[in-house]
Amino acid sequence: MDLSVAIGGKKLPNPVGVASGTFGYGGEYEQLVDFAAIGALYTKAVTLMPRPGNDIPRIVETPSGLINSIGLANVGVDRFISEKMPHCRELPCAVVVNIAGSSADEYARVLEKLETCPGIWGYEINVSCPNVKHGGMAFGTDPAQVERLTADLRKRTKNPIIVKLTPNVTDIRTIAKAAQEGGADAVSCINTLVGMVIDVGAKKPVLPMGTGGLSGPAIRPVGVAATYAVSRAVSIPVIGLGGISGPLDALQYLLAGASAVQIGTANFVDPTTTARVLAGIREFCERENVSCIKDLHRFIP
Ligand SMILES: Cc1cc2nc3c(=O)[nH]c(=O)nc-3n(C[C@H](O)[C@H](O)[C@H](O)COP(=O)(O)O)c2cc1C
């Protein structure tokens, strides 16, 4: 059985990755997981300058999920290259760097710096962060900006470009098509949904910015529906995520049309979810006589 996934002329060793922002830069989990069982590490978002992130609290639990407002806290691209990449490039999995910015120029400068750094498999362009005042989701809700930004980054690299879509739009297919038009090799589907929790006693929102991004099992049906819609609207691979915590959840995404999946919030409960999900996918494919992930797509027309 061949579980590798082709994206933009490169291959991921298997279809199960760990989602940006939930696995740090890898090192944090080294004592806990076998990275050889992980298809790809999608790093925490990297920006041009270091960012301290938003005020605390940054996370609040909700039924079947959590709302985060981290605010893209990260060490900045220079320190990412000098301090994090030497370790990342030793990992046996593909390293996909998640890039964020508040202007098209910032995305371009971050990518250009990363291009000088060996060991990067590809880039995930985060145009879907709901927790920053400038950039982030503002790009990802406008098809024209997504196409322009993707086309500009496309000119600067031969590595795979994956555009990460926000579900906080009227029709996610228009954004996916814009990414494809701009030259993206794949889209990841979905980032978090805007949500709010109010502390009734204090009569104010729990998170300092008011809203945050909802993730976890609560958003899985939204992610599966988005994956189903997007995979029928574009010809590039779709990487499905949102609320996956076991093999059956991942199989929903793959049957809906995803070519690969990512595990996010579930890592906070069980960091070995990835290996469990991969084993379950393999078992299912064997039982169903399916020899590659693409064959799963024929079950639901
Ligand atoms: C604490 C936290 C931090 C996140 N940081 C990022 C980030 O830096 N870049 C990004 O593209 N997505 C980020 N995400 C979104 C996840 O990668 C993922 O798209 C989302 O959580 C849905 O998947 P899940 O339900 O499996 O967590 C973050 C999510 C969480 C919970």
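Whatever comes next refers back to the structure up there.
Please read all numbers here as calculations on a predicted model, not as lab measurements.

Novice: If you had to explain the packing of helix 4 (residues 143–154) against helix 5 (residues 172–182) to someone new, which residues and values would you point to?
Specialist: Two elements in contact, helix 4 and helix 5, have axes separated by 7 Å at closest approach and are oriented at 25°. Between helix 4 and helix 5, the crossing angle belongs to the class labelled roughly parallel. For the element pair helix 4 and helix 5, the recorded crossing hand is right-handed. From helix 4, P143, V146, E147, T150, A151 and R154 reach across to helix 5, where they touch T174, I175, A178, A179, E181 and G182. When its residues are assigned to classes, the contact of helix 4 with helix 5 shows six nonpolar, three polar and three charged.

Novice: Which residues make up the site of the ligand, and what values do they have?
Specialist: Taken together, 23 residues sit near the ligand, with S20, K164, G216, G243 and T265 positioned nearest. Between the ligand and K44 there is a distance of 2.8 Å, counted from an oxygen atom to a side-chain nitrogen or oxygen. One of the backbone nitrogen or oxygen atoms of G243 is found 2.7 Å away from an oxygen atom of the ligand. Relative to its unbound accessible area of 610 Å², the ligand is 97% covered by the protein chains. Class assignment of the residues belonging to the shell around the ligand gives a composition of seven nonpolar, 14 polar and two charged.

Novice: Can you lay out helix 4 for me, pointing to particular residues and giving the numbers?
Specialist: End to end, helix 4 covers 16 Å across twelve residues, agreeing with the expected 16 Å (1.5 Å per residue, within 8%). Considered for burial, the residues of helix 4 that qualify are V146, L149, T150, D152 and L153. Down the axis, helix 4 shows its buried residues gathered within 160° of arc, on one side only. Among the structural elements, helix 2 (104–115), strand 8 (122–126), helix 3 (137–140), strand 9 (161–165) and helix 5 are those in contact with the buried residues of helix 4.

Novice: Could you give an account of the packing of helix 2 against helix 4, with specific residues and numbers?
Specialist: Two elements in contact, helix 2 and helix 4, have axes whose closest approach is 10 Å; the angle formed by their N-to-C orientations is 25°. As judged from the angle between their axes, helix 2 and helix 4 are roughly parallel. For helix 2 against helix 4, the interelement crossing comes out right-handed. For the pair helix 2 and helix 4, the contacting residues are A104, Y107, A108 and L111 in the first and L149, D152 and L153 in the second. For the contact of helix 2 with helix 4, the per-class residue count stands at six nonpolar, no polar and one charged.

Novice: So what's going on with the packing of aromatic side chains? Residues and values would help.
Specialist: Enumeration over the complete set of coordinates arrives at four aromatic pairs. Note on F23 and Y29: the rings are 3.8 Å apart at their centroids and 5° apart in plane angle, and the pair reads as stacked. Comparing F23 with Y29 shows no difference in burial state: the two are buried. Both rings, one in F23 and one in F35, keep their centres 5.9 Å apart while their planes meet at 75°; by these two values the pair is edge-to-face. Of the two residues, F23 sits in the loop between strand 3 (16–18) and strand 4 (40–42) while F35 sits in the loop between strand 3 and strand 4, which places them twelve residues apart along the sequence.

Novice: Lay out the environment of V146 in plain terms, naming residues and giving numbers.
Specialist: Position of V146 among the secondary structure elements: in helix 4. Between the C-alpha atoms of V146 and K177, which are 31 residues apart in sequence, the distance is 9.5 Å. Once residues lying within four places of it in the same chain are set aside, the contact partners of V146 are V127, F139, G140, V163, I175, A178 and A179.

Novice: Residues and numbers for the sheet that holds strand 6 (residues 65–68), please.
Specialist: Read from one edge of the open sheet, four strands run 5-6-14-11, paired in antiparallel fashion. The open sheet terminates on both sides in strands that have one partner only, identified here as strand 5 (59–62) and strand 11 (193–196). Ignoring which end each strand starts from, the neighbouring axes of this sheet average 40° apart. One ladder, built from three bridges, connects strand 6 with strand 14 (residues 211–215); its direction is antiparallel. Across the sheet, L66 pairs through a bridge with S215, a residue of strand 14.

Novice: Summarise the pattern of salt bridges; cite the residues concerned and give the values.
Specialist: Per the counting criterion, the structure on display carries ten salt bridges. For R156, the salt bridge identified is with E112, shortest N-O distance 2.7 Å. Linking R156 in the loop between helix 4 and strand 9 with E112 in helix 2, this pair joins segments that are 44 residues apart in sequence. Given a relative accessible area of 29%, R156 falls into the partly exposed group. Three or more residues are tied together by salt bridges with common partners; here these are E112, D152, K155 and R156.

Novice: Account for the side chain of T265, with residues named and values stated.
Specialist: Note on placement: T265 falls in the loop between strand 16 (260–263) and helix 8 (266–269). The buried category is assigned to T265, whose relative accessible area is 15%. Not counting the four nearest positions on each side in its chain, T265 is found in contact with T22, L66, S215 and G216.

Criteria and cut-off values
Residues numbered from 1 in each chain as written. Predicted model: local features only at pLDDT ≥ 70, side-chain atom pairs only at ≥ 80, totals over all residues. Heavy atoms only, no water. Axes fitted to C-alpha atoms, helices over the stretch in contact; angles between N-to-C directions. Helix = DSSP H or I, 4+ residues; strand = E, 2+ residues; numbered from the N terminus. Parallel < 35°, antiparallel > 145°, perpendicular 65-115°, else oblique. Left-handed = near helix turned anticlockwise from the far one by under 90°. Contact = heavy atoms within 4.5 Å. Nonpolar A, V, L, I, M, F, W, Y, C, P; charged D, E, K, R; others polar. Near = heavy atom within 4 Å. Polar contact = N/O pair within 3.5 Å; in protein donor to acceptor, adjacent residues only side chain to side chain. Areas by Shrake-Rupley, 256 points an atom, 1.4 Å probe, with all protein chains shown as cover. Expected span 1.5 Å × (residues − 1). Buried < 20%, exposed > 50% of the residue type's maximum accessible area, 1.4 Å probe, protein only. Arc of directions from axis to C-beta. Phe/Tyr/Trp six-rings, centres within 6.5 Å; stacked < 30°, edge-to-face > 60°. Pairing = 2+ DSSP bridges. Salt bridge = Lys/Arg side-chain N within 4 Å of Asp/Glu carboxyl O.

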